[in-house]
Structure formats: structure tokens, C-alpha cells
Amino acid sequence: MIASETIYIKNIYYMLSYAFQVLNEKGYRKVTTESFENVADLLSEILAIGVSKQIKQGLVKDYIDVNETTSSIRGKINIAESINSQSFLKKQLNCTYDEFSVNCKLNRIIKSTIKFLIKTDIANSRKKKLKSLLMYFADVDLIDLKKINWKMRFDRNNQTYMMLINICYLVFHGLIRTEKSGNVKIMDFFNDWVLNKLYEKFILNYYKQEHKQISTSSPQIQWQLDYGQDSMLPKMKTDITLEHNNKILIIDAKFYKHNTAKNFGKDIHHTNNLYQIFTYVKNKQFEVKEYGMEVSGMLLYAMTNETIQPDSDYVMSGNKISVKTLDLNQEFDVIKEQLDGIVSEYFNEIPI
């Protein structure tokens, strides 16, 4: 299940800005000084700024398949289609060929998302801004956003589209609804995996940017086997691993609707999550034991509005394992304090 809790609108921007570094560039930062009625309004502003910047750089072009009946032979001749349509009677043939065009998938997604956004409950000033951008997409067709395979690869030629397409993804899937309080409620964030990935990426990149003195990564931990092959064992890929001097902290970030499970009416930690972080820590500890390093682990949940929230520390077979929550429904400076506090607690020799 997915968390369905409130988050300050601007915190969505901050999370995205850590997940996508381009949002820290000049032009985007003014977003933090503006007010937004809802998250669609926020995302429309980000998209408008990003698309404007992309237009100045030039819309990306790509090879697309074109099928047309023409008097000039181009590419592959479709004999069957030419016969069926009797186009040869007009001295024409049906051909399929590649054309280098702005009418590619990426631009079609952006145009279709803009058209979609204009129909939503966003400020008229932003609708006007978005409408003004459509003139640059005159040669771009619309696309059915429901049928898109959003798993795309980006290269150096279209890298600047990565954030824009992710924003389109968020917009179309209606990840958020606005409440009267001015906060937002996370709902149906496409799927659990994507929501968790955004949360993970936000925390990972926060530590990479704000605590450069710490080694921050998301490495894979090897199974420490006495014998046998590990080819059929599951991969142990950490969300966030912080390392400094002789200390390592493995953080597993979780964004759930319920941060605890029920056992005969009693709140308990999610069994699989606790087993997972324990397994990570013990295998990592065995891996680095000859270096005298201290390994700890943490499950860091996004806080829900339930009464009971995880806030526990344990020592398991010599290693500290913590289960904590991060409250995203507060000023971002307070969120930063909590994230910084984790570094202070585990690497207390590092100034914050």
C-alpha cells in the first residue's frame, strides 16, 4: 500500500530538486518564493520553466517512422498496401521511411501533458503561460498518455528531457490531490515502487549534496557464504549507505500507508523490512570485520498520520538497528534538521 498522508506543497519541489539536480539551476529556484493552490499548479510552473528553457536550447529531434502514399519513392515500398489502395492508378506508391523530426515521442508527451494540464485546476496565469508554449509544438502530434511505456532511456542527446518527462509522468498519473488546508495528499503515486524510488533518491542525493565529507552511495552487498554459489540468492542493493572513517550506516527508505503491521491487534514492525535491514547489516559487518569497522542499520519510514509511529533503537548481535520516521509535513528546514541529526548521531565527529 502507498502512503496517503499530507505533505507541504513546496516540500514536493524540494524532494524533486534533490532527485533531479536540474531543478537547482537558475530559473527554477524562484519556485520556492511563489505560492501554489495545489500540486498541479506547482508542477505546471516547473514544466513551464523547463519547457521554456528547452525551447531556447532547441527541441530534440529523432528518427520516426513515416507512412505515406506519394509520387516520389522513399524508403520501403509497401506493395500490398499500394495494391489494396490502388494508389498506383494515380501513379503513387505507399512508402515507409525514417524522418528526422521534432514529432518524436518525447515532444509528443510534453505537448499532450501541457494540453492535459491546461484543463486542470491551475492558476489562469499558468494556463496562459502553458498555452503560449504550444505554438512551438505546432509540428508535434498528440499522444495517448494512457498507452505510453514510461520506461525510457536517456542519452547525452536528450538528457535534458529526463526531468521534464518525469514531471509529465507525475502530472498525468494524478499523483496528488489538494486539500483545503493547502497541504497535499499523496494518492496512487503510479505504484509503490516509483514512490519509494523518489523517496530513496531524495534522501540519497540530500546526503550527497549536503554532507560531502561522507561517502554516500547505494552499493550492493555481497552474501558472505561459507560455501555454495550465490547465483540464486536475491541481490542486496542498499538504498543509502553512508560511510566515514570506521563507521557505516545502511539506510533503507520506506514510503508506506502503514508504517507498522498488526499482530493480534498489537502494532509491530514490518517483519520483512526488519529481516532485510538485519541481513544487510550482518553481511556487511562480516565483509568489513578485518578493518575494524562498525556497521549500523536504519529503516526510515515517511511518517503517516497514524497514532503510533516507529521510533526505536535496538542492538542486535552487536549491531545497532533503528526504526525511525521522517515527517514530510513540516517546514523543509525542520526536515533537514532531522536528516542532519542522523549524521550527527552516527558520525558525531562531523560538524553539521
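Predicted model only: the values in this text are computed from it and were never measured.

## What about the overall build of the protein?
For the protein, the helix and strand inventory stands at nine helices and 16 strands. Projecting the C-alpha coordinates of the protein onto the three principal axes gives extents of approximately 85 × 55 × 45 Å. Residues classed as buried in the protein amount to 46% of the 352 residues present. Residue pairs at least 24 apart in sequence account for 68% of intrachain contacts in the protein once pairs closer than 6 positions are excluded. Looking at the protein as shown, the accessible area adds up to about 19,200 Å², and 49% of this sits on carbon and sulfur atoms. In the protein, 46 side chains carry a positive charge and 41 a negative one; their mean positions are 7 Å apart.

## Quick look at the environment of Ser71
Inspection of the secondary structure puts Ser71 in the loop between strand S2 (62-70) and strand S3 (76-77). A C-alpha to C-alpha distance of 6.4 Å links Ser71 and Leu93, two positions 22 residues apart in sequence. Dropping the residues within four chain positions of it, Ser71 is found in contact with Lys91 and Gln92.

## Let's talk about unusual backbone geometry
Non-glycine residue Asn245 carries a positive phi angle of around 55°. You can see Asn245 is positioned in the loop between strand S10 (240-244) and strand S11 (247-254). The phi torsion at Ser317 lies on the positive side, around 50°, for a residue other than glycine. Here Ser317 is to be found in the loop between strand S15 (312-316) and strand S16 (319-326). Accessibility expressed as a relative area gives 62% for Ser317, which makes it exposed.

## Describing the nonpolar core
Membership of the largest hydrophobic core comes to 52 residues, with the highest contact counts inside it found for Leu16, Ile46, Ile110, Trp150 and Ile167. Where this core is concerned, the elements lending two or more residues are helix H1 (9-19), helix H2 (39-57), S2, helix H4 (105-118), helix H5 (124-133) and helix H6 (162-172). Among the elements that line this core, the one with the most residues is H2, at nine residues.

## Some points on the confidence of the model for the protein
Residues of the protein with pLDDT of at least 70 account for 90%, and the chain-wide mean is 85. Every residue in residues 1-5 scores below 50 in pLDDT, and together they form 27 contacts with partners more than four places removed in sequence or on other chains. When the criterion is pLDDT under 50, residues 176-190 qualifies, and its contacts beyond four places in sequence or with other chains add up to 54 contacts.

## Regarding the state of the cysteines
Taken as a whole and assessed by the stated rule, the structure comprises zero disulfides. Cys104 takes part in no disulfide bond, and the closest cysteine sulfur, belonging to Cys168, lies 12 Å away. You can call Cys104 buried: its relative accessible area is 4%. Classification of Cys168 as buried rests on a relative accessible area of 0%.

## Things to note about the pairing of strand S4 (residues 93-101)
Sheet topology note: the S2/S4 ladder contains nine bridges and is antiparallel. Bridge pairing in S4 places Val66 opposite Tyr97. Pairing geometry for S3 and S4, over two bridges, is antiparallel. Of the residues in S4, the one forming a bridge with Lys76 is Thr96.

## What to know about the sheet that holds strand S7 (residues 215-217)
Pairing in this open sheet of six strands is mixed, and the strands run S7-S10-S11-S14-S16-S15 from one edge to the other. Of all the strands in the sheet, the pair left with one neighbour each is S7 and S15. Put simply, the sheet's adjacent strands are angled 20° from each other on average, direction ignored. Two strands pair when backbone bridges link them, and S11 and strand S14 (residues 294-302) are joined in this way by eight bridges, in the parallel orientation.

## Focus: a nonpolar patch on the surface
On the surface, Ile79, Ile83, Phe88 and Leu89 cluster together to form a nonpolar patch covering roughly 420 Å² of accessible area. Residue placement: Ile83 occurs in helix H3 (residues 79-85).

Calculation rules
- Residues numbered from 1 in each chain as written.
- Predicted model: local features only at pLDDT ≥ 70, side-chain atom pairs only at ≥ 80, totals over all residues.
- Heavy atoms only, no water.
- Helix = DSSP H or I, 4+ residues; strand = E, 2+ residues; numbered from the N terminus.
- Buried < 20%, exposed > 50% of the residue type's maximum accessible area, 1.4 Å probe, protein only.
- Contact = heavy atoms within 4.5 Å.
- Areas by Shrake-Rupley, 256 points an atom, 1.4 Å probe, with all protein chains shown as cover.
- Lys, Arg positive; Asp, Glu negative; His and termini not counted.
- Charge placed at Lys NZ, Arg CZ, Asp CG, Glu CD.
- Core = buried A, V, L, I, M, F, W, Y, C linked by side-chain atoms within 4.5 Å.
- pLDDT = per-residue confidence, 0-100.
- Disulfide = S-S within 2.5 Å.
- Pairing = 2+ DSSP bridges.
- Axes fitted to C-alpha atoms, helices over the stretch in contact; angles between N-to-C directions.
- Patch = residues over 30% accessible without salt bridge, like charges linked within 9 Å, V, L, I, M, F, W, Y side chains within 5 Å.
- Salt bridge = Lys/Arg side-chain N within 4 Å of Asp/Glu carboxyl O.

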